[in-house]
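# Coordinate inspection notes
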Amino acid sequence: MTERSNGRPRTDLLAIVDLGSAAVRIVIARIRPSGRYRILVEDRVPTRLGGGAPGTLPRRAIVKTIRAVHRFFAHYSPRRQGPRVVAIATSAVREAHNRELLLDPLRRKEGIEVRILSAHDEARLGVAAALESVPFTDGLVADLGGASLQLSQVRNRRVTSMASLPLGAVRTTHLFLRHDPPTRHELRAFRDDIRDRLRSALPAAERGELLVGLGGTVRTLGSVHLRATHGDRKHRNGLVLNQSDVTVIRERLEALSARRRRKIRGLKAERADIVLAGAMVVEEVMIFGGYLRLLVCTRGVRDGILFHEASKRRP
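This section reports on the structure supplied with the text. Just so you know, these numbers come straight off a predicted model, no measurement behind them. (Residues numbered from 1 in each chain as written. Predicted model: local features only at pLDDT ≥ 70, side-chain atom pairs only at ≥ 80, totals over all residues. Heavy atoms only, no water.)

## A closer look at the pairing of strand S2 (residues 23-31)
Which entries qualify depends on this criterion: Only protein chains enter the accessibility calculation, which uses a 1.4 Å probe; a residue whose area is less than 20% of its type maximum is buried, one above 50% is exposed, and one in between is partly exposed. A run of H or I in DSSP becomes a helix once it reaches four residues, and a run of E becomes a strand once it reaches two; helices and strands are each numbered from the N terminus. Strands are labelled as partners when DSSP assigns at least two bridges between them.
Burial within S2 is extensive, with 8 of its 9 residues counted as buried. In terms of strand pairing, strand S1 (residues 13-19) meets S2 through 7 bridges, oriented antiparallel. Considered in S2, the bridge of Val-17 is made with Ile-26. Joining the antiparallel neighbours S1 and S2 is a turn of 3 residues. Sheet topology note: the S2/strand S3 (residues 37-46) ladder contains 9 bridges and is antiparallel. In the strand pairing of S3, Ile-28 is matched with Val-41. Linking S2 to S3, which pair antiparallel, is a turn of 5 residues; within it Gly-35 sits at a positive phi near 95 degrees.

If you want it as structure tokens, here you go:
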């Protein structure tokens, strides 16, 4: 975790820059001496850093990410009197041989040193966010991003095992689902690949155990379910979906082109092309692992970092 290199003493204003595989997310929060915090500004820009060839960040995504970070800090700290910055990157950047094309301009032009999280750190922060946000003691935390899937088994609120698989929604869409809508052959090949990768990494559910889901795909599944059921509930965090609910949504997505998926209530247009791949991964984790219920968590790695930073100020 690093400060922005401008020589200022540390303040109670914190900016978290999350260079994810699907989007860059930036949060500014004010942390009080008590350890409580208040989010002041949030921004998200789709970039698709995880959408290139294996081990490569697309140049267009690099440019979009650099511009998004520059615009944000030019607006919110025009005289460089802004917050202390914690910048992190996840699997797409971690695996890229050309990552310096992204990291060097951020270092030179914005004064931001990016910490590349290990798969273990990425999973740990996701679990921390889930434990702070939704009620569970035992279960499997599945953090599905643009490039990877982190699986963390939790027993009595402690992590007992972790695995990272290259099953992110952006990555797998580009590798497997090349037609729009996908062909039966593509769907079958993708499903076989998911199962092959899960076979040695997925802990089987114990009786009544939950799958706790994080990431854009899971949030989208929650939104689509809420809009389709017309219930009184409005918030996705803590929402529980049955395995059959996920299957119904996946079947609906599978039958539509990306253009027609954009018309589904609760689905953001920017996710229309990648949401099917993500839904298939979530569904296979539930079926293959025997998880009958999905607990939606709307927090993520950046929230885990925020909780960690806030905890350091608690008396």
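Resuming the write-up.
## Overview of the environment of Val-134
Test applied: Residues count as neighbours in contact if any of their non-hydrogen atoms are within 4.5 Å of one another.
Its place among the elements puts Val-134 in the loop between helix H4 (119-133) and strand S6 (139-144). For the pair Val-134 and Ala-163, spaced 29 residues apart in sequence, the C-alpha separation works out to 21 Å. Discounting residues that sit within four places of it in the chain, Val-134 has contacts with Val-212, Asn-237, Gly-238, Leu-295, Val-296 and Cys-297.

## Quick word on the pairing of strand S8 (residues 158-165)
Pairing analysis gives 7 bridges linking strand S7 (residues 149-155) to S8, with the strands arranged antiparallel. Bridging from a neighbouring strand, Leu-149 pairs with Leu-165 of S8. From the end of S7 to the start of S8, which pair antiparallel, there are 2 residues, and Asn-156 there has a positive phi angle of about 50 degrees.

## A closer look at a positive patch on the surface
Selection criterion: Patch definition: residues with relative accessible area over 30% and no salt bridge; like charges joined within 9 Å; nonpolar side chains (Val, Leu, Ile, Met, Phe, Trp, Tyr) joined within 5 Å. Per-residue and other accessible areas were derived by the Shrake-Rupley procedure at a 1.4 Å probe size, with only the shown protein chains allowed to occlude residues. When a carboxyl oxygen of Asp or Glu lies within 4 Å of a side-chain nitrogen of Lys or Arg, that pair is called a salt bridge. Note that His is not counted, nor are the chain ends; the positive residues are Lys and Arg, and the negative ones are Asp and Glu. The atoms used to mark charge sites are NZ of Lys, CZ of Arg, CG of Asp and CD of Glu.
Taken together, the side chains of Arg-60, Lys-64, Arg-67 and Arg-71 define a basic patch exposed on the protein surface. Mapped onto the secondary structure, Lys-64 falls in helix H1 (residues 59-76).

## Details of the packing of aromatic side chains
Stated precisely, the cut-off is as follows: Classification of ring pairs rests on two measures: the distance between centres of Phe, Tyr or Trp rings, Trp counted by its six-membered ring, which must be within 6.5 Å, and the angle between planes, read as stacked under 30 degrees, edge-to-face over 60 and tilted in between.
Scanning the model with the defined rule gives 4 aromatic pairs in all. Ring geometry for Tyr-37 against Phe-307: centres 6.0 Å apart, planes inclined by 55 degrees, an arrangement best described as tilted. Placement of the pair is Tyr-37 in strand S3 and Phe-307 in helix H11 (residues 301-311), with a sequence separation of 270 residues. Taken together, the ring pairs connect Phe-72, Phe-73 and Tyr-76 into an aromatic cluster.

## Examining the sheet that holds strand S10 (residues 240-242)
Let me state the cut-off plainly: Only C-alpha atoms enter the line fits that serve as axes; for helices the fit covers just the stretch in contact. Angles between N-to-C directions range over 0 to 180 degrees.
Taken together, 6 strands build an open sheet; the order of strands is S8-S7-S6-S9-S11-S10 and the sheet is mixed. Pairing within the sheet leaves two strands with one partner each, and these edge strands are S8 and S10. On average, adjacent strands in this sheet sit at an angle of 25 degrees to one another, irrespective of strand direction. As paired elements, S6 and strand S9 (residues 210-214) share 5 bridges and run parallel to each other. Counted as the bridge partner of Ala-142 is Gly-213 from S9.

## Some words on H11
Within H11, 9 of the 11 residues are buried, which leaves it mostly tucked inside the rest of the structure. For H11, the set of buried residues is Val-301, Arg-302, Asp-303, Gly-304, Ile-305, Leu-306, Phe-307, Glu-309 and Ala-310. The inward-facing, buried residues of H11 contact S1, S2, S3, strand S4 (84-89), H4 and S6.

## Thoughts on the pattern of salt bridges
Scanning the entire structure with this criterion turns up 23 salt bridges. Among the ionic pairs, Asp-104 bridges to Arg-108, the shortest N-O distance being 2.7 Å. Here the residue Asp-104 and the residue Arg-108 both occupy positions in helix H3 (residues 100-110), the gap between them amounting to 4 residues, near one helical turn. Among the ionic pairs, Lys-312 bridges to Glu-309, the shortest N-O distance being 3.3 Å. Using a relative accessible area of 1% as the deciding quantity, one classes Glu-309 as buried. Connected via shared salt-bridge partners are Arg-191, Arg-195, Arg-250, Glu-254, Glu-283 and Glu-284.

## Observations regarding the nonpolar core
Under the convention used in this document: Buried residues of nine kinds, namely Ala, Val, Leu, Ile, Met, Phe, Trp, Tyr and Cys, make up a nonpolar core once their side-chain atoms join them within 4.5 Å.
Among the nonpolar cores identified, the biggest contains 41 residues, and Leu-149 and Leu-294 are the most heavily contacted of them. For this core, the secondary-structure elements that each account for two or more residues are S6, S7, S8, helix H6 (184-198), helix H7 (216-229), helix H8 (243-254), helix H10 (275-289) and strand S11 (293-296). Here the element with the most residues in this core is H10; it accounts for 9 residues. Filtering out sequence-adjacent residues up to four positions away, Leu-149 remains in contact with Ala-142, Asp-143, Leu-144, Ala-163, Ser-164, Leu-165, Leu-167, Gly-168, Leu-198, Val-281 and Val-285. Phe-73, Ala-92, Leu-102 and Leu-103 belong to the second-largest nonpolar core, a separate cluster that totals 30 residues.

## As for H3
Helical periodicity: at 3.6 residues per turn, an α-helix aligns residues three or four positions apart in one direction. Heads up, the rule is: By arc we mean the arc of the directions from the helix axis to the C-beta atoms, nothing more.
Those residues of H3 not exposed but buried are Leu-102, Leu-103, Pro-105, Leu-106 and Glu-110. Looking down the long axis of H3, one finds its buried residues gathered within 165 degrees of arc, a one-sided arrangement. Buried residues in H3 make contact with S1, H1, helix H2 (91-94) and strand S5 (114-116). Positive backbone phi, at 70 degrees, marks Gly-111, one or two positions downstream of H3.

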